[in-house]
Amino acid sequence: MLIAGNWKMFKGPGEAGEFCRALRDADLGTVDVVVCPPYVSLAAAVQALAGTEIGVAAQNVHWKADGAFTGEIAAPMLRELGVYGTIVGHSERRQFFGETDETVVKRIVAAIEHGLHVIACVGETEAEREAGETEAVLRRQVGAIADGIPETDDLVIAYEPVWAIGTGKTATPEIAQEAHALVRSILDVPVLYGGSVKPDNAAELAAQPDVDGALVGGASLDLESFATICRQASHS
Ligand code: PEP
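Because the structure is predicted, anything quoted here is derived from the model rather than measured. (Residues numbered from 1 in each chain as written. Predicted model: local features only at pLDDT ≥ 70, side-chain atom pairs only at ≥ 80, totals over all residues. Heavy atoms only, no water.)

## Section: the pattern of salt bridges
- Inspection of every chain in the model, using the stated rule, returns twelve salt bridges.
- Here Glu-15 makes a salt bridge to Lys-11, at a shortest N to O gap of 3.4 Å.
- Where salt bridges share partners, they join Glu-72, Glu-99 and Arg-107 into one cluster. (Salt bridge = Lys/Arg side-chain N within 4 Å of Asp/Glu carboxyl O.)

Below, the structure written as structure tokens:
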């Protein structure tokens, strides 16, 4: 069971270091834990968590090892910092920054090639769900990944229905289970659930047979709520 905290564009280096020093002493149960700070806070997080089992991952990575790509960060740079992995294809990247299935695959391939673990995000929008297109969207998004990457143990998928991200609307455990089973039938890797995971819904989501953990946004920014989610998920 893996619980990953996606901090999005929150917590600069000072706050990240402080949070991670407190995380060292928190009761996180028995789950694997990863935090994903913004790029500028990665070094502070790595330093604060050195010698612990808690991993530090980035929120994105470029597909080239270096080059004229203003504003982008390469996998070897993350490795040099001691970063363990990266999120790829978050819906906010797909929605606001032009990420496509094709660029998602390129980023995953490069990350794995350079020794990073990947959390690759997929999920349907509200309009797609209402139009009955959830299965087609997941088949397209996960299929592109399955077809485009080499066999690896360094990939997990995060099923994140876009309508549940930051909205307070969580998928029911049944909706999550159905989507996770579909994802796993296309690509047999662990599948995390993401979308308004909170201390009071983490246990029932984590109890679903095809839910292997959670990618937590808003609720990962507060130490007590993140630690409680980790402990709740530990019981399943
Ligand atoms: C996310 O950012 O991946 C996420 C799931 O956000 P939230 O938990 O805030 O919905």
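## Quick notes on the pairing of strand β8 (residues 213-216)
- What you see with β8 is no split at all: Gly-213 and Leu-215 on one side and Ala-214 and Val-216 on the other are buried throughout.
- As judged from the four bridges shared by strand β1 (residues 2-6) and β8, these two strands associate in the parallel manner. For Gly-5, the partnering residue across the bridge sits in β8 and is Val-216.
- In the sheet, strand β7 (residues 191-194) pairs with β8 via two bridges, with the strands oriented parallel. Its bridge partner being in β8, Tyr-193 is matched across the sheet by Ala-214. (Buried < 20%, exposed > 50% of the residue type's maximum accessible area, 1.4 Å probe, protein only. Helix = DSSP H or I, 4+ residues; strand = E, 2+ residues; numbered from the N terminus. Pairing = 2+ DSSP bridges.)

## As for the side chain of Ser-225
- Positionally, Ser-225 belongs in helix α10 (residues 223-234).
- Within polar-contact distance, the side chain of Ser-225 engages the backbone oxygen of Ala-219 at 2.5 Å.
- In this structure, Ser-225 is in contact with Pro-199 and Ala-219, ignoring residues within four places of it in sequence. (Polar contact = N/O pair within 3.5 Å; in protein donor to acceptor, adjacent residues only side chain to side chain. Contact = heavy atoms within 4.5 Å.)

## Focus: the packing of helix α5 (residues 101-113) against helix α7 (residues 134-148)
- At a minimum axis distance of 9 Å, the contact between α5 and α7 shows a crossing angle of 40 degrees. In terms of axis orientation, α5 runs oblique to α7. By crossing handedness, the relation of α5 to α7 is classed as right-handed. Judged by residue contacts, Asp-101, Val-104, Val-105, Ile-108 and Val-109 of α5 engage Arg-140, Gln-141, Ala-144, Ile-145 and Gly-148 from α7.
- When the residues that make up the contact of α5 with α7 are grouped by side-chain class, the tally is six nonpolar, two polar and two charged. (Axes fitted to C-alpha atoms, helices over the stretch in contact; angles between N-to-C directions. Parallel < 35°, antiparallel > 145°, perpendicular 65-115°, else oblique. Left-handed = near helix turned anticlockwise from the far one by under 90°. Nonpolar A, V, L, I, M, F, W, Y, C, P; charged D, E, K, R; others polar.)

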